[in-house]
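Take a look at the letters that make up each chain.
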Amino acid sequence: MTTAGDGPWLDDAAGRLVRPFTVSNGRTEPTNALDLISQVRATGVAPLGYLGPEYAQAIDLCRGPLTVAEVAAHLRLPAAVTKVLLSDLVDCGALTTKPPAFHYNPTDRSLLEAVLDGLRRQL
């Protein structure tokens, strides 16, 4: 079992010991518009006060630009919780966000077919 200071509170047998929504104090809506492919990056500004271990991990992960989806995967948190967490860090100046470089439509048939083709090539 890991200790509280070792990262996300996980137990090998039980999984996450803290419910994901306790990280965001039960909030489900971020104050900034973020989607899964928005990029976030640390600014070097330290947040005032203690925010919690997941916030510190997110800042550490974002030393280089990462997408919201990548941060969620590294933190092992649902995307909705990660968006709130990252939005809090943007609000306090610890992170900056950049929208996707291109506009995409998640239901665009040609995009979905390209993703499917890429997946097939990987298998």
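Residues numbered from 1 in each chain as written. Predicted model: local features only at pLDDT ≥ 70, side-chain atom pairs only at ≥ 80, totals over all residues. Heavy atoms only, no water.

Student: What is the right way to look at the overall build of the protein chain in this model?
Tutor: Tallying secondary structure elements over the protein chain gives five helices and five strands in all. The order of α-helices and β-strands along the protein chain, N terminus first, is β-β-α-β-α-β-α-α-β-α. Out of the 123 residues in the protein chain, the part that is buried amounts to 29%. (Helix = DSSP H or I, 4+ residues; strand = E, 2+ residues; numbered from the N terminus. Buried < 20%, exposed > 50% of the residue type's maximum accessible area, 1.4 Å probe, protein only.)

Student: Sorry, what's going on with unusual backbone geometry here?
Tutor: For residues besides glycine, phi is generally negative; the peptide bonds are generally trans as well. Despite not being glycine, arginine 76 has its phi angle at roughly 60°, a positive value. Here arginine 76 shows up in the loop between α3 (68-75) and α4 (79-91).

Student: Explain the pattern of salt bridges here, please?
Tutor: Pairs can form between side chains of opposite charge whenever their charged atoms are close. According to the stated counting rule, one finds three salt bridges in the structure shown. We note a salt bridge from glutamate 113 to arginine 109, for which the minimum N-O separation is 2.9 Å. You can see glutamate 113 and its partner arginine 109 sitting in helix α5 (residues 109-122), four residues apart, about one turn around the helix. Taking relative accessible area as the criterion, glutamate 113 reaches 38% and is therefore assigned partly exposed. Here arginine 109 falls in the exposed class, since its relative accessible area comes to 63%. (Salt bridge = Lys/Arg side-chain N within 4 Å of Asp/Glu carboxyl O.)

Student: Hey, could you run me through a nonpolar patch on the surface in this one?
Tutor: A cluster of nonpolar residues, Leu111, Val115 and Leu119, forms a patch on the protein surface that exposes about 240 Å² of accessible area. Among the secondary structure elements, leucine 111 is positioned in helix α5. (Patch = residues over 30% accessible without salt bridge, like charges linked within 9 Å, V, L, I, M, F, W, Y side chains within 5 Å. Areas by Shrake-Rupley, 256 points an atom, 1.4 Å probe, with all protein chains shown as cover.)

Student: Just checking my understanding: could you explain the sheet that holds strand β5 (residues 95-98) for this structure?
Tutor: Through backbone hydrogen bonds, the strands of a sheet pair up, either in parallel or in antiparallel fashion. One open sheet holds the three strands; their spatial order is β4-β3-β5, and the pairing between them is antiparallel. Strands at the two margins of the open sheet, each flanked by one partner only, are β4 (66-67) and β5. In terms of strand pairing, strand β3 (residues 39-42) meets β5 through four bridges, oriented antiparallel. When the sheet's bridge partners are listed, arginine 41 is paired in β5 with threonine 96. (Pairing = 2+ DSSP bridges.)

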